[in-house]
There are 2 protein chains.
Amino acid sequence: MLLELAKKRKTVRIFSDKKPDIEDIKYAINVAKEAPSGMNAQPWHFKIVDAQKEKEKIREIVEKEERKFYESSKGKLKEFLKNANITWKKEFLTQAPYLLFVYSDKSAPFSKESTWLAIGYLLLALEEIGLSTVTYTPPNLNDFSFGNYKLEVILPIGYGNDPKEKYHRKNIDEIISFNDIF
Amino acid sequence: MLLELAKKRKTVRIFSDKKPDIEDIKYAINVAKEAPSGMNAQPWHFKIVDAQKEKEKIREIVEKEERKFYESSKGKLKEFLKNANITWKKEFLTQAPYLLFVYSDKSAPFSKESTWLAIGYLLLALEEIGLSTVTYTPPNLNDFSFGNYKLEVILPIGYGNDPKEKYHRKNIDEIISFNDIF
């Protein structure tokens, strides 16, 4: 039942050392690529990173920008980050066995919408096979773009080892209404 | 297995008269609201429409803009629409038993990304319970926005009765690459 899977799925920022099989990552991408897309352009590209040196370089580039971002954060955001115990240090970028970079082709219609819809498919597929991730968007997305492809998210993937509980969700009655378009 | 569900799921623009139970629509929303979101803002709102008069008014407003849009479409888009046999007439807006309007709260961080990720969850949940939809984005999204909430998509929902086959998906090897960030 999909509801159980969706409820069980939580964001994970701490991973175990155990490396999942590459076929598991491909399974999740195979699910994601079945998503619909504007004009069926399938405007996504997935870069799989498992080389430690490459992960280290990515982390270095990202943390430099994260540090600036955190030092300038204010108000609600600053409070959220503090309460959630989130800092500019992104250890998961080197700790997770895989980093999955997900790109959208800006020349395709509704490329951002289609790609994030596919990311929804992907997260559920990871959960199904026991893998965890966090939808991590670095402040310097553009540093990783290429050609028409814009980086949308970095998904660190592995077996979760994060004690943090899933955040509370609103009750359905708070987010629905009926026949009130006009 | 989620891959089977994802593969089976196709876009549907023709619906049968049979009206699904409202609990089925709520089930899909219950799945969607488990999705992660920026700062856990859960920046989505869902308006469920099943009143025929309201659907008719929606269709009228939308088709007026669609007609202009189609008459001005060119090149690749025009060709796609013609080949796909898609016109400015949006019969599904009055034929589908339900229209689900999905909004994102623009004051929340990553509201578009989070909402479309949740729409991915929602589409799979509909498929699981035998319901179909099309991610329909009218040209005049802003006409339906309210306050900070921007309309992202209209999902006509019902039992599918559309003979059109699912579009072909690219092979996974065309959309993945390895350790090539730099």
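Values in this document were obtained by computation on a predicted structure and should not be read as measured data.

Is there a simple way to explain unusual backbone geometry in this structure?
Excluding glycine, a negative phi dihedral is what most residues carry, and trans is how most peptide bonds are arranged. One non-glycine residue with positive phi stands out, namely Phe110 of chain A, at about 55°. Within the fold, Phe110 of chain A resides in the loop between strand E2 (98-105) and helix H6 (111-128). For Phe110 of chain A, a relative accessible area of 37% corresponds to the partly exposed category. The phi dihedral of Asn179 of chain B is positive, around 45°, even though this residue is not glycine. If you trace the backbone, Asn179 of chain B turns up in the segment after strand E4 (176-178).

Help me understand the interface of chain B and chain A, please; the structure alone is not making it clear to me.
A common way to report how large an interface is uses the accessible area buried once the components associate. Across the contact, 70 residues belong to chain B and 70 residues belong to chain A. Interface area for chain B against chain A, summed over the two sides, is near 6,500 Å², with a carbon-plus-sulfur share of 65%. Where chain B touches chain A, the interface holds seven salt bridges. A salt bridge links Glu113 of chain A to Lys112 of chain B, with the shortest nitrogen-to-oxygen separation between them at 2.9 Å.

Any chance you could explain the nonpolar core here in plain terms?
In globular proteins that are soluble, nonpolar side chains generally tend to be buried together. Counting residues in hydrophobic clusters, the biggest one holds 68 residues, and the most contacted among them are Leu2, Ile29 and Phe46 of chain A together with Leu2, Ile29 and Phe46 of chain B. Every residue in contact with Leu2 of chain A, bar those within four places of it in the chain, is listed here: Leu124 of chain A together with Leu2, Leu5, Tyr27, Val31, Tyr121, Leu124, Ala125 and Glu128 of chain B.

Can you walk me through the sheet that holds strand E1 (residues 44-49) of chain B in this structure?
Strand pairing in a sheet takes place through backbone hydrogen bonds and is either antiparallel or parallel in direction. The strand order across the open sheet built from four strands is E4(A)-E1(B)-E2(B)-E3(B), with neighbouring strands paired in mixed fashion. The sheet terminates laterally at strand E4 (176-178) of chain A together with strand E3 (149-157) of chain B, the two strands that pair on one side only. Strand-to-strand twist across the sheet, computed as the mean angle between neighbouring axes with direction ignored, equals 20°. Where strand E2 (residues 98-105) of chain B meets E3 of chain B, eight bridges bridge the pair, whose relative direction is antiparallel. If you follow Ser104 of chain B over to E3 of chain B, its bridge partner there is Lys150 of chain B. With respect to the sheet, helix H2 (residues 22-32) of chain B is in contact with E4 of chain A together with E1, E2 and E3 of chain B, its orientation differing from that of E1 of chain B by roughly 170°.

What's the story with the sheet that holds E2 of chain A in this structure? I'm lost.
Read across the open sheet, the four strands follow the order E3(A)-E2(A)-E1(A)-E4(B); overall the sheet is mixed. Of all strands in the sheet, those bounded by a partner on one side alone are strand E3 (149-157) of chain A together with E4 of chain B. With direction set aside, neighbouring strand axes in the sheet form an average angle of 20°. Judged from the six bridges that link them, strand E1 (residues 44-49) of chain A and E2 of chain A form a sheet pairing that is antiparallel. The partner of Lys47 of chain A across the bridge, within E2 of chain A, is Phe101 of chain A. H6 of chain A rests against E1, E2 and E3 of chain A of the sheet, and its axis sits at about 10° to E3 of chain A.

What am I meant to see in the pattern of salt bridges here?
Where charged atoms from two side chains of opposite charge approach closely, those side chains can pair. All chains considered together, the criterion is met by 23 salt bridges over all chains. Residues Arg67 of chain B and Glu71 of chain B are paired through a salt bridge, measuring 3.5 Å at the closest nitrogen-oxygen approach. Placement of both Arg67 of chain B and Glu71 of chain B in helix H3 (residues 52-72) is noted, with a separation of four residues, approximately one turn of the helix. Exposure remark for Arg67 of chain B: the relative accessible area of 42% places this residue in the partly exposed category. Among the residues examined, Glu71 of chain B registers a relative accessible area of 61% and is labelled exposed. Within this structure, Lys112, Lys150 and Glu152 of chain A together with Glu113 of chain B form a network of salt bridges that share partners.

Definitions and limits used
- Note that residues are indexed from 1 along each chain, following the sequence as it is written.
- Whichever chain is written first becomes A and whichever ligand is written first becomes 1, with later ones labelled in order.
- The predicted nature of this model means local features are confined to residues of pLDDT at least 70 and side-chain atom pairs, given and counted, to a pLDDT of 80 or more, with totals for whole chains, interfaces and linings taken over all residues.
- Processing note: side-chain calculations cover all non-hydrogen atoms of the structure and skip hydrogens and water entirely.
- Secondary structure elements are defined from DSSP: runs of H or I of at least 4 residues count as helices, runs of E of at least 2 residues count as strands, and each element is numbered from the N terminus.
- For every residue, the accessible area (1.4 Å probe, protein chains only) is compared with the maximum for its type, and the residue is labelled buried under 20%, exposed over 50%, or partly exposed between those bounds.
- Contacts are assigned to residue pairs with any non-hydrogen atoms lying within 4.5 Å of each other.
- Once two parts are put together, the accessible area they lose, assessed with a 1.4 Å probe and summed over both, is termed the buried area.
- By definition here, a salt bridge exists when the distance from a side-chain nitrogen of Lys or Arg to a carboxyl oxygen of Asp or Glu is within 4 Å.
- Nonpolar core, defined: a set of buried Ala, Val, Leu, Ile, Met, Phe, Trp, Tyr and Cys residues in which side-chain atoms within 4.5 Å join the residues together.
- For two strands to be treated as a pair, DSSP must find no fewer than two bridges joining them.
- Comment: axis = line fitted to C-alpha atoms, over the contacting stretch for helices; angle = value between 0 and 180 degrees taken between N-to-C directions.

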